[in-house]
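Reading the structure
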Amino acid sequence: ANEQIHTTYNRCDNCGNREYEYGTDCILREYGFVEQMPQSFYFDEMGFGYRLEKNMRQSGKGKGHGKVFVTEWVYKEPSEDDVAKMKVMLEQIQITKVTRLSKQCNVDDFEWETINNYVRALEDGLKAAVREANDEFDNEIEVIGPEDFHSVEEEEDFDDESENGDEL
């Protein structure tokens with residue numbers, strides 16, 4: 001009684017690829033709001049994504065309380081090149097916050113708040129992903145993806161076997 005109902009737009013069992021590739025940006029585009037935690041971000045050009053959660057301990061304030069962290073990598077762990085790209089994206093966001101988002105322009109209050117909520121979510125997510133990718137906390141983060149997902153290396157191995165005349 002008197003509890004908030006929480007449902008998911010992208011983590012249901014029968015949502016198809018929404019489970020892996022439908023992130024916080026898609027929910028904003030389709031439904032007009034920035035989802036609460038957990039959140040997901042996917043980067044097609046880098047071929048990976050991550051899922052986030054916020055540390056909200058029952059005991060209240062303490063080390064790590066309120067900190068956003070990566071719970072899962074989607075498709076693969078980020079490479080050093082991916083981390084460098086995420087750092088550039090993070091820097092661009094921080095510059096945009098100062099140059100474009102420090103003063104409200106001619107946009108209604110709800111839209112302005114939604115823009116800033118999304119930028120904050122993306123910034124917090126990138127910070128967490130860079131921190132986790134650099135193993136500051138040495139956490140084991142599971143890599144997830146659909147069962148039929150094949151990495152480029154697996155496809156190359158398959159092509160090599162086919163060229164040698166091996167049949168499946």
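Every value quoted in this text rests on a predicted model; they were computed, and no experiment measured them. (Residues numbered from 1 in each chain as written. Predicted model: local features only at pLDDT ≥ 70, side-chain atom pairs only at ≥ 80, totals over all residues. Heavy atoms only, no water.)

**Concerning the packing of aromatic side chains**
Scanning the model with the defined rule gives seven aromatic pairs in all. Relative to Tyr-50, the ring of Phe-41 lies with its centre 5.9 Å away and its plane at 40 degrees, an arrangement referred to as tilted. Per residue, the accessibility class of Phe-41 equals that of Tyr-50, and both read buried. Their ring planes at 40 degrees and their centres at 5.8 Å tell us that Phe-43 and Tyr-50 sit as a pair that is tilted. The pair formed by Phe-43 and Tyr-50 is uniform in burial state, with each residue classed as buried. Chaining the aromatic ring pairs together yields one cluster made of Phe-41, Phe-43, Phe-48, Tyr-50, Trp-73 and Tyr-118. (Phe/Tyr/Trp six-rings, centres within 6.5 Å; stacked < 30°, edge-to-face > 60°. Buried < 20%, exposed > 50% of the residue type's maximum accessible area, 1.4 Å probe, protein only.)

**Looking at unusual backbone geometry**
A cis amide bond, omega 0 degrees, links Met-37 with the succeeding residue Pro-38. Phi is positive for Tyr-75, which is not a glycine, with a value near 80 degrees.

**Notes on the pattern of salt bridges**
This model, assessed by the stated rule, comprises six salt bridges. Linking Glu-72 and Arg-51 is a salt bridge whose minimum nitrogen-to-oxygen distance equals 3.0 Å. Of this pair, Glu-72 sits in strand β3 (residues 68-74) while Arg-51 sits in strand β2 (residues 48-54), and the two are 21 residues apart along the sequence. You'll find Glu-72 and Arg-51 in the same group, each marked buried. The partner of Asp-82 in a salt bridge is Lys-76, and the shortest N-O contact between them spans 3.1 Å. Classification of Lys-76 as partly exposed rests on a relative accessible area of 30%. (Salt bridge = Lys/Arg side-chain N within 4 Å of Asp/Glu carboxyl O. Helix = DSSP H or I, 4+ residues; strand = E, 2+ residues; numbered from the N terminus.)

**Section: helix α3 (residues 80-99)**
Over its 20 residues, α3 extends 29 Å from the first C-alpha to the last, a length consistent with the 28 Å expected when each residue adds 1.5 Å. Those residues of α3 lying buried are Asp-82, Val-83, Met-86, Met-89, Leu-90 and Ile-93. For α3, the angular spread of buried residues about the axis comes to 115 degrees, placing them on one side. Turned more than 90 degrees away from the buried face of α3 sit Glu-80, Val-98 and Thr-99, all of them exposed. Structurally, α3 contributes buried residues whose contacts are with β1 (39-43), β2 and α4 (109-133). (Expected span 1.5 Å × (residues − 1). Arc of directions from axis to C-beta. Contact = heavy atoms within 4.5 Å.)

**Describing a negative patch on the surface**
On the surface, Glu-21, Asp-25, Asp-44 and Glu-45 cluster together into a negatively charged patch. Looking at the secondary structure, you find Glu-21 in helix α1 (residues 18-21). (Patch = residues over 30% accessible without salt bridge, like charges linked within 9 Å, V, L, I, M, F, W, Y side chains within 5 Å. Areas by Shrake-Rupley, 256 points an atom, 1.4 Å probe, with all protein chains shown as cover. Lys, Arg positive; Asp, Glu negative; His and termini not counted. Charge placed at Lys NZ, Arg CZ, Asp CG, Glu CD.)

**Concerning the packing of α3 against α4**
Angle between the axes and distance between the axes: these two values describe a pair of packed helices. Here α3 crosses α4 at 150 degrees, and the two axes come no closer than 10 Å. Compared by their axis directions, α3 and α4 come out roughly antiparallel. As α3 packs across α4, the resulting crossing turns out to be left-handed. Every residue of α4 that contacts α3 at Val-83, Met-86, Lys-87, Met-89, Leu-90, Ile-93, Gln-94 and Lys-97 is listed here: Val-119, Leu-122, Glu-123, Leu-126, Lys-127, Ala-129, Val-130 and Ala-133. Classifying every residue of the contact of α3 with α4 gives 11 nonpolar, one polar and four charged. (Axes fitted to C-alpha atoms, helices over the stretch in contact; angles between N-to-C directions. Parallel < 35°, antiparallel > 145°, perpendicular 65-115°, else oblique. Left-handed = near helix turned anticlockwise from the far one by under 90°. Nonpolar A, V, L, I, M, F, W, Y, C, P; charged D, E, K, R; others polar.)

**Observations concerning the nonpolar core**
Residues Phe-41, Phe-43, Tyr-50, Val-70, Met-86 and Leu-126 are the most contacted members of the largest nonpolar core, which totals 26 residues. Elements with a minimum of two residues in this core: β1, β2, β3, α3 and α4. Per element, the largest residue contribution to this core is nine residues, and it comes from α4. Residues in contact with Val-70, not counting those within four places in the same chain, are Tyr-50, Arg-51, Leu-52, Ala-128, Ala-129, Glu-132 and Ile-141. (Core = buried A, V, L, I, M, F, W, Y, C linked by side-chain atoms within 4.5 Å.)

Nothing here speaks to function; it is all geometry.
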